Amino acid sequence: MKPRDMNHDWIATARTLSEALPFMQRYAGSIVVVKFGGNAMGDEDAMAEFARDIVLMRQVGINPIVVHGGGPMINDMLNKLGIKSEFVRGKRVTDKATVEVVEMVLTGLVNKRIVQAIMDEGGRAVGLSGKDDDLMVCEADDPELGFVGRPVEMNPQVLRDLFKAGIIPVVAPVATGMNPNETFNVNGDTAAGAIAGALKADRLLLLTDVSGVKDANGNVVTAMTPEEVSAMIEVGTIAGGMIPKTETALKAIEEGVRAVVILDGRVPNACLLELFTEHGAGSLIRPKR
């Protein structure tokens, strides 16, 4: 009889799976919206790891939705096509030529890469944009910025239909307008927050390239209430690029999302750490119980 070598890594893996059981039971049947972006999108290994996490979430009964960005890929394509960008107050003006490139890159390139990655890991995924079935209808957020949209009407039934079929929706943040043949580019965080709010999601996970929301001393704050977030914005502790992320979180909570987590997407298995461990992996924002 061959002796069995009880490798300590195997034992640790089994213990981790056992400890994750209550969290898997807690989230079974829930809706989790994940905003995917940053450096991980351009790295094949990181993309595959993210896709495995999403497939595992679906396997244990969670209904995940992936909403993605694609800024660097859009910039590359604009440069290749010789389309120059104008900026107003630091924000890109999205004219008709630019929004056509945005739609082409987000829905035709980035979206399908993520769908393929999920399929490669054994999941079922379908790519769509905010235009499909009028999922997301927008109006101009700022007339000076052109076709940059703010969601004003959400129709998420198509996402529920995909859940019932066991399919993971992957959504590109491109939307239709109130007028015929209108196309809007939507900030990825904004789109994810709007979708999470429309579905009253259990969790909205905003993956970033930073470790979370930091206090005045530079330490990551692991748990906050909306009131505390607003106070940190007012005094300037939350500043720069973290302001729109936290504002997205506050709006999503107002619309019925139970909690929002801003977490570092560079951390391996960040989504699993947040959902299935006691420790978590970022800054949790939720109303005071």
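Residues numbered from 1 in each chain as written. Predicted model: local features only at pLDDT ≥ 70, side-chain atom pairs only at ≥ 80, totals over all residues. Heavy atoms only, no water.

### Some thoughts on the sheet that holds strand 6 (residues 136–140)
Test applied: Strands pair, by our definition, only if DSSP identifies at least two bridges between them. Secondary structure is summarised from DSSP: a helix means a run of H or I of at least four residues, a strand means a run of E of at least two, and numbering begins at the N terminus for each. To obtain each axis, a line is fitted to C-alpha atoms, and for helices this fit is confined to the stretch in contact; angles are then taken between N-to-C directions over 0 to 180 degrees. By definition, residues are in contact when any of their heavy atoms lie within 4.5 Å.
An order of 7-6-9-10 is seen for the four strands of this open sheet, with the pairing classed as mixed. For this open sheet the edge positions go to strand 7 (149–154) and strand 10 (183–185), each flanked by a neighbour on one side alone. Neighbour-to-neighbour, the strand axes of this sheet turn through a mean angle of 50 degrees, independent of strand direction. Sheet topology places strand 6 next to strand 7; five bridges connect them, and they run antiparallel. The residue of strand 7 that forms the bridge with Glu-139 is Arg-150. Helix 4 (residues 96–120) contacts strand 9 (174–177) and strand 10 of the sheet and is inclined by roughly 70 degrees relative to strand 10. Running over the sheet, helix 6 (residues 188–199) touches strand 6 and strand 7 and is turned about 15 degrees from strand 7.

### Structural notes on unusual backbone geometry
Definition in use: For each residue, the accessible area found with a 1.4 Å probe, counting protein chains only, is set against the maximum for its type, and the residue is called buried under 20%, exposed over 50%, and partly exposed in between.
A positive phi is found at Asp-134, a non-glycine position, where the angle reads about 55 degrees. Positionally, Asp-134 belongs in the loop between strand 5 (125–129) and strand 6. According to the relative accessible area criterion, Asp-134 is partly exposed, its value standing at 38%.

### Some remarks on helix 6
Spelled out, the test is: In a helix, the anticipated span is given by 1.5 Å times the number of residues less one. Nitrogen and oxygen atoms within 3.5 Å of one another constitute a polar contact, given that in protein one can donate a hydrogen and the other can accept it, and given that sequence-neighbouring residues count only through two side-chain atoms.
Spanning 12 residues, helix 6 covers 17 Å between terminal C-alpha atoms, matching the ideal 16 Å at 1.5 Å per step. Most of helix 6 is tucked away, with 10 of its 12 residues classed as buried. For helix 6, the complete set of buried residues consists of Gly-188, Asp-189, Ala-191, Ala-192, Gly-193, Ala-194, Ile-195, Ala-196, Gly-197 and Leu-199. Between the side-chain oxygen at the start of helix 6 and the backbone nitrogen of Asp-189 there is a gap of 2.9 Å, and the oxygen is on Asn-187. Taken from the residues just after helix 6, Lys-200 is the one with a positive phi, measuring 50 degrees.

### Some points on the packing of helix 7 (residues 226–234) against helix 8 (residues 242–254)
Spelled out, the test is: Orientation is classified from the angle alone, with under 35 degrees giving roughly parallel, over 145 giving roughly antiparallel, 65 to 115 giving roughly perpendicular, and any other angle giving oblique. What makes a crossing left-handed is the near helix being turned counterclockwise from the far one by less than a right angle; a clockwise turn instead makes it right-handed. Here the nonpolar group is Ala, Val, Leu, Ile, Met, Phe, Trp, Tyr, Cys and Pro; Asp, Glu, Lys and Arg are the charged ones; every other residue, Gly included, is treated as polar.
Direction vectors running N to C along helix 7 and helix 8 enclose 150 degrees, while the axes themselves pass 10 Å from each other. By the criterion of interaxial angle, the relationship of helix 7 to helix 8 is roughly antiparallel. Regarding helix 7 and helix 8, the two cross each other, and that crossing is left-handed. Residue-level inspection shows Pro-226, Val-229, Ser-230 and Ile-233 of helix 7 in contact with helix 8, the latter providing Thr-246, Glu-247, Leu-250 and Ile-253. Across the contact of helix 7 with helix 8, the residue classes tally to five nonpolar, two polar and one charged.

### Let's talk about the sheet that holds strand 12 (residues 223–224)
The eight strands lie next to each other as 5-8-2-1-11-13-14-12, forming an open sheet whose pairing is mixed. Each of the sheet's edge strands pairs with one partner strand only, and the pair in question is strand 5 and strand 12. Across six bridges, strand 11 (residues 203–208) lies against strand 13 (residues 259–264) in parallel orientation. By the bridge assignment for strand 13, Leu-207 is matched with Leu-263. Helix 8 contacts strand 11, strand 13 and strand 14 (282–285) of the sheet and is inclined by roughly 155 degrees relative to strand 13.

### Things to note about the nonpolar core
We apply this condition: Only buried residues count toward a nonpolar core, which is a set of Ala, Val, Leu, Ile, Met, Phe, Trp, Tyr and Cys residues joined through side-chain atoms within 4.5 Å.
Residues Val-34, Met-57, Ile-114 and Ile-118 are the most contacted members of the largest nonpolar core, which totals 44 residues. For this core, the element with the highest residue contribution is helix 4, accounting for nine residues. Dropping the residues within four chain positions of it, Ile-114 is found in contact with Phe-36, Met-41, Met-47, Val-66, His-68 and Val-170. The next biggest cluster of nonpolar side chains, apart from the first, holds 40 residues, and it includes Cys-138, Phe-163, Leu-204 and Met-232.

### Some remarks on the pairing of strand 6
Bridge analysis of strand 6 against strand 9 gives two bridges, and the strand direction is parallel. Note on strand 9: the bridge partner recorded for Val-137 is Thr-176.

### Looking at the pattern of salt bridges
Our working rule: We define a salt bridge as a side-chain nitrogen of Lys or Arg found within 4 Å of a carboxyl oxygen belonging to Asp or Glu.
With the rule as written, the count across this model stands at 11 salt bridges. Between Glu-103 and Lys-131 there is a salt bridge, and its shortest N-O distance comes to 3.0 Å. Taken as a pair, Glu-103 in helix 4 and Lys-131 in the loop between strand 5 and strand 6 lie far apart in primary sequence, 28 residues in all. Arg-203 is the salt-bridge partner of Asp-202, the closest N and O atoms lying 3.5 Å from each other. Summarising the burial analysis for this pair, Asp-202 and Arg-203 share the class buried. Ionic contacts of the salt-bridge type, sharing partners, join the residues Arg-26, Asp-202, Arg-203 and Arg-258 into one network.

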